[in-house]
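Letter by letter, the chains look like this.
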Amino acid sequence: MNNFVKFFSRRRSWSLPYILFMAIFVVMPLVLIMIYAFQAKDGSFSMENFHRFINQPEAANTFIYSIGIALITTIICLVLGYPAAYILSRLKPSTARLVVMLFILPMWINVLVRTLATVALFDFLRLPLGEGALIFGMVYNFLPFMIYPIYNVLQKMDGSLIEAAEDLGATPRQVFTRVVFPLSSPGIVSGIMMVFMPTISTFAIAELLTMNNIKLFGTTIQENINNGMWHYGAALSLIMLIIIGITSLFTDSSEDGANEGLI
Amino acid sequence: MVNSNYIIEITNVTKNFPDKVVLDDVSLSVRKGEFLTILGPSGCGKTTLLRLLAGFNSASKGEILIGGEVMTGVPPHLRPVNTVFQRYALFPNYNVFDNIAFGLKLQKVDKNEIEVRVKKALKMVGMTDYEHRDVQSLSGGQQQRVAIARAIVNRPQVLLLDEPLAALDLKMRKDMQMELKEMHRDLGITFVYVTHDQEEALTLSDTIVVMNEGKIQQIGTPTDIYNEPCNAFVADFIGESNILNATMVRDRLVRFMNKEFECIDEGFGENTPVDVVVRPEDVYIIRNAEAAMFHGVVRSCTFKGVHYEMFVDTPDGYEIMIQDYNAFEPGTEVGMMIKPADIHVMRKERIENHLEGVMVDATHVEILGEQFECDAQEGIEAGANVDVAFDFSAVELTDDPDDGISWGTIRFILYKGDRYHLTVRTDDGENIYVDTHDVWEDLDEVGIKISPKALRITKL
């Protein structure tokens, strides 16, 4: 009994439920993906799945296409999001809080509901579903993830730095290019990570907004697994994870404050 | 040009923020090559004045000329001034070299020249070989040196310094003061320096501008300001001083502490209420109480490094602060003398409180946004605008702001030897002045009561 009390009074013990959860739902699936990816259908070790990815252009093409869509989405989000974040950061704090709320408000609603609403909207406006609708849907869903980290960094920026730059002879444009923009790069990096990575593996938005006409990599993985091709699906997932892992390594080392902007 | 030896001319500048007047009709001229210090307590408007010069804010009224050109509407990047900020404001994304070269690169100065000038500026602030260091790895003192180098490398006509040493420790501050003074001499450019530290101002400046509540109180050399303060605020703010209520009996004769003293001031009229200031080092203290001008008993004696600081109580209930190289034990009966030239007589800014009010009925008047009881007034109808006068000592302050009829915050405390003279800012923004024997602290919130008999009401 005494040991029992002791066990529960240690703070470390309190993390056990989560560790258990992580082990079952995060670590184990990852291990399973690793094992499945390197197995042939009969269960023996083989590189067959990876050969198939390289030799069959279909999956690889989808992969490249997905990265392209993710890149376009990220760029549009950055182009739309940076000025928005910049304007927000110049507002009075009370007004800014309200506007930020408005940006975040749609995220309180499930992504599927929002996407179905987008489909209905396109229908209503008699706009064709397809690639354009897909990119619109992606940008619509991921824009807040770009704005918020950039806004956060800009808003925390020391105003005297801007004044110092003006004082030293910088025009408003030079203040922006030489001080404000470089100093907001941790926010930009955060924003890019938070938009680019999830867009690669999206499949629900793609399915709904293109009437299943355009396949993204997420869709391919899902199809394979749905059709019982667990080994090949696992290999595709692993490839995607590695690519995402590489990009995140890239961005992590660039700035220590990169994650400062996360919500 | 007539005033070509003035680099900065500020004429009738007023700056309003939405809820208050920060600068009230300020006029000031700065000579070329001068080291001018704007000195005042926090919130007196000194930083705002500096920001108007730098161009970060614009004046609500009035005009600023720098180098003979009107600066109204000229943005900061086009002004011939550079600023050293209190919190350094170095760009964290650049190293030391690029921080200092920032201004020169914008001016498209030749690369080799930038190299030479940055090195020279670094040498000037004693930071040679620090070019490639990350600015965030530097100590506070080193960062401020880089900030100074970054400003002077552009050879501005005027260098603005906003409390540049406030964030440094005492030892570092003293060293930097000397270096700034040397730098000013070597560079020959005009320095406008903002500080709340009177000692710093006295050490560094050619000219000191003392400010309070958005107004210039006095402009003068450090010696002038110290020896001839023009009002009680300046006397109290600069150095230690005994400030006493006094009456100018006639020219060259002033009465305070119930005694008459010879002085050298003239032109105040006869029997005029005045303030006198006597610096603690100007009171001579001797053992022989009989031979002296006045006498008292030493209450406390503290060693201050070079001199002893003593407080002496006189039989009339005044407390005099004295600094002397000799120590007198507490309890000693001592005599004191003051030379006529060391008694500084200042005109009183006011001798009673004056407020504008409205009669509510025969026995109530509205002032400070509240109704105060007063003696029955004849011949003044309800609703009439009136002037309400009352003595400083007629005001009673209470601990609990809700106990008074109105309430306010204590903004300034002046010790007058036998009483405190307080400035109380009431909740609707008026100042009232109170004489009291009670000890209050700055920013205490107090209730305000005025005895009905004390209100002297005249119709406007």
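Residues numbered from 1 in each chain as written. Chains lettered and ligands numbered in written order. Predicted model: local features only at pLDDT ≥ 70, side-chain atom pairs only at ≥ 80, totals over all residues.

### Topic: the overall build of chain A
Inference 1: Looking only at helices and strands, chain A features 13 helices and zero strands.
Inference 2: Going residue by residue from the N terminus, the α and β elements of chain A occur as α-α-α-α-α-α-α-α-α-α-α-α-α.
Inference 3: Here the C-alpha coordinates of chain A stretch approximately 70 × 70 × 35 Å along the principal axes.
Inference 4: Within chain A, the fraction of its 263 residues that count as buried is 32%.
Inference 5: Partitioning the intrachain contacts of chain A with sequence separation of at least 6 by distance along the chain shows that 75% fall at a separation of at least 24. (Helix = DSSP H or I, 4+ residues; strand = E, 2+ residues; numbered from the N terminus. Buried ≥ 20, exposed ≤ 12 C-beta atoms within 10 Å, placed from the backbone. Contact = placed C-beta atoms within 7 Å.)

### A closer look at the overall build of chain B
Inference 1: Helix and strand counts for chain B stand at eight helices and 30 strands.
Inference 2: For chain B, the spread of C-alpha atoms along the three principal axes comes to 80 × 65 × 45 Å.
Inference 3: Out of the 460 residues in chain B, the part that is buried amounts to 38%.
Inference 4: Looking at chain B alone, contacts between residues at least 24 apart form 65% of all its contacts between residues at least 6 apart.

### Digging into the interface of chain B and chain A
Inference 1: In this assembly, 16 residues from chain B lie in contact with 15 residues from chain A.
Inference 2: When contributions to the side of chain B that touches chain A are tallied by element, the ones reaching two or more residues are strand E6 (81–84) and helix H2 (96–106) of chain B.
Inference 3: It is H2(B) that provides the largest number of residues to the side of chain B that touches chain A, a total of three residues.
Inference 4: Split by residue class, the side of chain B that touches chain A holds eight nonpolar, seven polar and one charged. (Nonpolar A, V, L, I, M, F, W, Y, C, P; charged D, E, K, R; others polar.)

### Some thoughts on the sheet that holds strand E14 (residues 272–278) of chain B
Residue and element names in this part refer to chain B.
Inference 1: Strands sit in the order E13-E12-E11-E14-E20 across an open sheet of five strands; the sheet is antiparallel. Each edge of the sheet is formed by a strand with only one pairing partner; in this case those strands are strand E13 (259–262) and strand E20 (344–347). Adjacent strand axes in the sheet meet at a mean angle of 40° when their direction is disregarded.
Inference 2: For strand E11 (residues 242–250) and E14, the ladder comprises seven bridges, and the chain directions are antiparallel. In the sheet register, Asn-242 faces E14, and the bridge partner there is Val-278. (Pairing = 2+ DSSP bridges. Axes fitted to C-alpha atoms, helices over the stretch in contact; angles between N-to-C directions.)

### Quick notes on the sheet that holds strand E24 (residues 385–390) of chain B
Residues and elements named next belong to chain B.
Inference 1: The five strands are arranged E23-E22-E21-E24-E30 in an open sheet whose pairing can be described as antiparallel. The sheet is open, and its two borders are formed by strand E23 (370–373) and strand E30 (456–459), each paired with just one other strand. Recorded for the sheet is a direction-independent mean angle of 40° between the axes of neighbouring strands.
Inference 2: Relative to strand E22 (residues 364–367), strand E21 (residues 353–361) is paired through three bridges, and the arrangement is antiparallel. Bridging from a neighbouring strand, Asp-361 pairs with His-364 of E22.

### Topic: the confidence of the model for chain A
Inference 1: In the predicted model, chain A carries a mean pLDDT of 86, and the fraction of residues at 70 or more is 95%.
Inference 2: This model gives residues 254–263 of chain A a pLDDT under 50, and the stretch forms 24 contacts once residues within four places in sequence are excluded. (pLDDT = per-residue confidence, 0-100.)

### As for helix H8 (residues 159–167) of chain A
Residues spaced three or four apart along an α-helix point in a common direction, a consequence of the helix completing one turn every 3.6 residues.
Inference 1: Taken residue by residue, H8(A) has Leu161(A), Ile162(A), Ala164(A), Ala165(A), Glu166(A) and Asp167(A) as its buried positions.
Inference 2: Against the buried residues of H8(A) lie helix H9 (172–183) of chain A together with helix H1 (46–54) and E6 of chain B.
Inference 3: Where H8(A) terminates, the next one or two residues include Gly169(A), which has phi positive at roughly 105°.

### Things to note about helix H3 (residues 111–124) of chain B
Residues and elements named next belong to chain B.
Inference 1: Its 14 residues place the ends of H3 20 Å apart at the C-alpha level, agreeing with the 20 Å of an ideal helix rising 1.5 Å per residue.
Inference 2: On its buried face, H3 sits against H2 and helix H4 (140–152).
Inference 3: Downstream of H3 by one or two residues, Gly-126 has phi in the positive range, about 70°. (Expected span 1.5 Å × (residues − 1).)

### Considering the environment of Thr409(B)
Residue and element names in this part refer to chain B.
Inference 1: Note that Thr-409 resides in strand E26 (residues 406–415).
Inference 2: Of the residues examined, Thr-409 has 15 C-beta atoms within 10 Å and is grouped as partly exposed.
Inference 3: Between the C-alpha atoms of Thr-409 and Leu-443, which are 34 residues apart in sequence, the distance is 5.4 Å.

### Description of the nonpolar core
Inference 1: Ranked by internal contacts, the top residues of the largest apolar core, which has 108 residues, are Leu53(B), Ile100(B), Val192(B), Val254(B) and Val276(B).
Inference 2: With six residues, the top contributor of residues to this core is H4(B).
Inference 3: Those residues within four positions of Ile100(B) in sequence are excluded, and the remaining contacts are Val118(B), Ala121(B), Leu122(B), Val146(B), Ala149(B), Arg150(B) and Val153(B).
Inference 4: With 42 residues, the next largest nonpolar core counts Ala70(A), Ile150(A), Met194(A) and Leu236(A) among its residues. (Core = buried A, V, L, I, M, F, W, Y, C linked by C-beta atoms within 7 Å.)

### What about the pairing of strand E18 (residues 319–324) of chain B?
Residues and elements named next belong to chain B.
Inference 1: Here strand E17 (residues 308–313) runs beside E18; their pairing, made up of six bridges, is antiparallel. Bridging across to E18, Glu-309 finds its partner in Gln-323.
Inference 2: Between E17 and E18, which pair antiparallel in sequence order, lie five residues; one of them, Gly-317, sits at a positive phi of approximately 90°.

### Let's talk about the packing of helix H7 (residues 131–156) of chain A against helix H10 (residues 185–200) of chain A
All names here are of chain A.
Inference 1: Packing of H7 against H10 brings their axes to within 7 Å, and their N-to-C directions diverge by 160°. One element, H7, and the other, H10, form an angle in the roughly antiparallel class. Between H7 and H10 lies a crossing of right-handed hand. On H10, the residues that touch Met-138, Phe-142, Phe-145, Met-146, Pro-149, Ile-150, Asn-152, Val-153 and Leu-154 of H7 are Pro-186, Gly-187, Ile-188, Ser-190, Gly-191, Met-194, Val-195 and Thr-199.
Inference 2: Looking at the contact of H7 with H10 residue by residue, the class counts come to 12 nonpolar, five polar and no charged. (Parallel < 35°, antiparallel > 145°, perpendicular 65-115°, else oblique. Left-handed = near helix turned anticlockwise from the far one by under 90°.)

### Points about unusual backbone geometry
All names here are of chain B.
Inference 1: Phi is positive for Arg-155, which is not a glycine, with a value near 50°.
Inference 2: Overall, Arg-155 belongs to the partly exposed group, with 15 C-beta atoms counted inside 10 Å.
Inference 3: Even without a glycine there, the phi angle at Glu-163 is positive, about 40°.
Inference 4: Looking at the secondary structure, you find Glu-163 in the loop between strand E7 (158–162) and helix H5 (170–187).

### Digging into the environment of Gly317(B)
Inference 1: As for its placement among the helices and strands, Gly317(B) is situated in the loop between E17 and E18.
Inference 2: Distance from Gly317(B) to Asn112(B), taken between C-alpha atoms, is 72 Å for residues 205 residues apart in sequence.

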